[in-house]
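Report on the structure
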Amino acid sequence: MKRLQNRIAESGVVLPTMAVYGLAIWIAAGLVARNWWPQLACFALSAYMIVEMNNSFALLRVRSRMVSGTFIALTCAMSFLFGSLSGGLVQLFFIIALLLLLSTYQEPASLGRIFYAFVFLGLASVLSVQVLVLIPLLWLLMATQLQSLSGRGLIASLIGLATPWWFICLWFIFQRDFTPLTEHFAALADFTPLSHAYAKVTLEQWLVWVLTAALTLTGIVHFWRNSIDEKIRTRLMYGLFTWMSAACLLLTALQPQHFDPLMRLAVVCASPLIAHFLTFSSTRITNVAFFIIIAITLAVTVTNLLIS
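Notes on the structure follow. (Residues numbered from 1 in each chain as written. Predicted model: local features only at pLDDT ≥ 70, side-chain atom pairs only at ≥ 80, totals over all residues. Heavy atoms only, no water.)

Details of the packing of aromatic side chains
As enumerated under the stated definition, the model contains 14 aromatic pairs in all. A ring pair is formed by F43 and F71, whose centres lie 6.5 Å apart and whose planes are at 15°; its orientation type is stacked. Placement of the pair is F43 in helix α3 (residues 37-57) and F71 in helix α4 (residues 66-77), with a sequence separation of 28 residues. Assigned by exposure class, F43 and F71 land together as buried. Ring geometry for F223 versus W224: centroids 4.9 Å apart, planes at 90°, classification edge-to-face. A network of ring pairs unites the aromatic residues W26, W36, F43, F71 and F82 as a single cluster. Taking NZ or CZ as reference, R61 lies 4.0 Å from the ring centre of F280, over its face. (Phe/Tyr/Trp six-rings, centres within 6.5 Å; stacked < 30°, edge-to-face > 60°. Helix = DSSP H or I, 4+ residues; strand = E, 2+ residues; numbered from the N terminus. Buried < 20%, exposed > 50% of the residue type's maximum accessible area, 1.4 Å probe, protein only. Lys NZ or Arg CZ within 6 Å of the ring centre and 35° of its normal.)

Here you go:
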């Protein structure tokens with residue numbers, strides 16, 4: 001039986017409504033006064049890419065815009081990150097890379113798409129070196145979930161990952177100063193003790209992390225309990241989303257000083273899982289939970305707007 005939550009999730013007004021909502025949150029956060037137009041452009045492009053991902057790979061087996069709607073809602077809950085252009089670019093590059101990698105499902109010979117996907121991951125690592133920590137996991141998921149990693153594909157990914165750095169190294173060679181480069185990679189070893197790291201965690205960050213982690217866990221449990229209803233391809237892709245979102249949330253918890261890039265990536269991978277729960281759960285309890293989730297997300301968003 002379809003309940004109100006299911007009818008809302010399958011409604012065609014979800015995306016337009018969330019687009020207006022997203023713009024309103026940006027304006028309330030100070031878009032015009034702080035001249036955040038480049039950051040807004042990154043957000044808009046990222047949301048569009050999420051729509052394309054949902055359309056291209058049928059992440060939901062019904063016509064629904066809940067994946068993009070969830071992405072917009074969770075991103076807007078992190079309004080204190082709106083001013084970070086580098087964070088917005090990292091998120092955009094990651095989504096483009098994910099689109100390309102998902103398109104290689106069971107196609108290990110698609111070396112071009114693998115190369116370009118890792119070029120974008122390389123660009124993301126230029127802005128946030130912590131992206132490199134996720135590369136081994138991504139290789140493993142390409143081999144097990146996407147079934148698209150071969151020896152040649154691994155080489156193509158390494159070349160793609162290194163390509164942006166080749167051009168950057170030419171600049172440093174011209175400048176004869178490699179200090180910024182060594183400092184950038186030294187950040188990979190920046191493991192602040194948790195007692196010190198958590199002392200600097202703000203209320204806004206706690207609220208967003210707890211909300212995203214709770215919704216992600218709910219989405220993971222719901223999907224895998226009902227995965228028999230999905231195609232094998234969908235299950236494998238959701239396996240990738242499960243491991244990537246869990247890894248990003250865990251890394252954020254262990255190293256909260258890297259909250260900006262890691263939480264943005266967590267939201268990208270968690271959105272399909274959360275959207276699947278919101279779209280396909282149809283009990284009386286989940287129908288009530290649907291509106292409670294909306295209310296809590298709004299409350300977190302408003303709180304973060306007021307604090308920041």
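There is more to say, and it comes next.
Some words on unusual backbone geometry
For A58, which is not glycine, the phi torsion reads 45° and is therefore positive. Given the relative accessible area of 40%, A58 is considered partly exposed. Even without being glycine, Q147 reaches a positive phi, approximately 55°. With respect to the helices and strands, the residue Q147 is situated in the loop between α7 (135-146) and α8 (151-175). On the accessibility criterion, Q147 (34% relative accessible area) is partly exposed.

Topic: the nonpolar core
With 84 residues, the main nonpolar core has M53, F71, F118, L121 and F241 as its most contacted residues. The element contributing the most residues to this core is helix α13 (residues 259-280), with 14 residues. In contact with M53, other than residues within four places in its own chain, are A58, L59, I95, L98, L99, L102 and F241. (Core = buried A, V, L, I, M, F, W, Y, C linked by side-chain atoms within 4.5 Å. Contact = heavy atoms within 4.5 Å.)

Quick look at helix α5 (residues 85-102)
Look at α5: 26 Å from first C-alpha to last across 18 residues, which is about the 26 Å you get at 1.5 Å a residue. The element α5 is largely enclosed, with a buried count of 14 among its 18 residues. (Expected span 1.5 Å × (residues − 1).)

Observations concerning a nonpolar patch on the surface
Together, L194, Y198, L203, W206, V210, L250, L254 and I307 line one region of the surface with nonpolar side chains, adding up to about 710 Å² of accessible area. Mapped onto the nonpolar patch, the elements with two or more residues apiece are α11 (203-225) and α12 (232-254). Considering every element that reaches the nonpolar patch, the biggest residue donor is α11, with three residues. Structurally, L250 can be placed in helix α12. (Patch = residues over 30% accessible without salt bridge, like charges linked within 9 Å, V, L, I, M, F, W, Y side chains within 5 Å. Areas by Shrake-Rupley, 256 points an atom, 1.4 Å probe, with all protein chains shown as cover. Salt bridge = Lys/Arg side-chain N within 4 Å of Asp/Glu carboxyl O.)

Quick notes on the packing of α5 against α13
Between two packed helices, the angle of one axis relative to the other and the distance separating the axes together describe the packing. Contact geometry of α5 with α13 gives a least axis separation of 9 Å together with a crossing angle of 35°. Along this stretch, α5 crosses α13, giving a crossing that reads as right-handed. Facing α5, whose interface residues are G87, G88, V90, Q91, F94, I95 and L98, α13 presents D260, P261, R264, L265, V268 and C269. Taken together, the residues of the contact of α5 with α13 break down into eight nonpolar, three polar and two charged. (Axes fitted to C-alpha atoms, helices over the stretch in contact; angles between N-to-C directions. Left-handed = near helix turned anticlockwise from the far one by under 90°. Nonpolar A, V, L, I, M, F, W, Y, C, P; charged D, E, K, R; others polar.)

Some thoughts on α8
Given a rise of 1.5 Å per residue, 25 residues ought to cover 36 Å, and the 36 Å separating the end C-alpha atoms of α8 matches this to within 8%. Tucked inside the fold, the buried residues of α8 contact α6 (111-127), α7 and α9 (179-186). Downstream of α8 by one or two residues, R176 has phi in the positive range, about 60°.

Structural notes on the pattern of salt bridges
Enumeration over the complete set of coordinates arrives at three salt bridges. Here E107 and R113 are joined by a salt bridge, their closest N and O atoms 2.6 Å apart. Among the residues examined, E107 registers a relative accessible area of 35% and is labelled partly exposed. Looking at R113, the relative accessible area reads 30%, which means it is partly exposed. Residue D260 pairs with R264 through a salt bridge whose shortest N-O separation is 2.5 Å. Note that D260 and R264 are positioned in helix α13 at a spacing of four residues, about one turn of the helix. The class for R264 is buried, based on a relative accessible area of 6%.

A look at the environment of L265
Residue position: L265 is located in helix α13. Taking relative accessible area as the criterion, L265 reaches 1% and is therefore assigned buried. When the C-alpha positions of L265 and M244 are compared, they lie 8.4 Å apart, and in sequence the two are 21 residues distant. Excluding anything up to four places from it in sequence, L265 contacts V90, Q91, F94, V131, L134 and C248.

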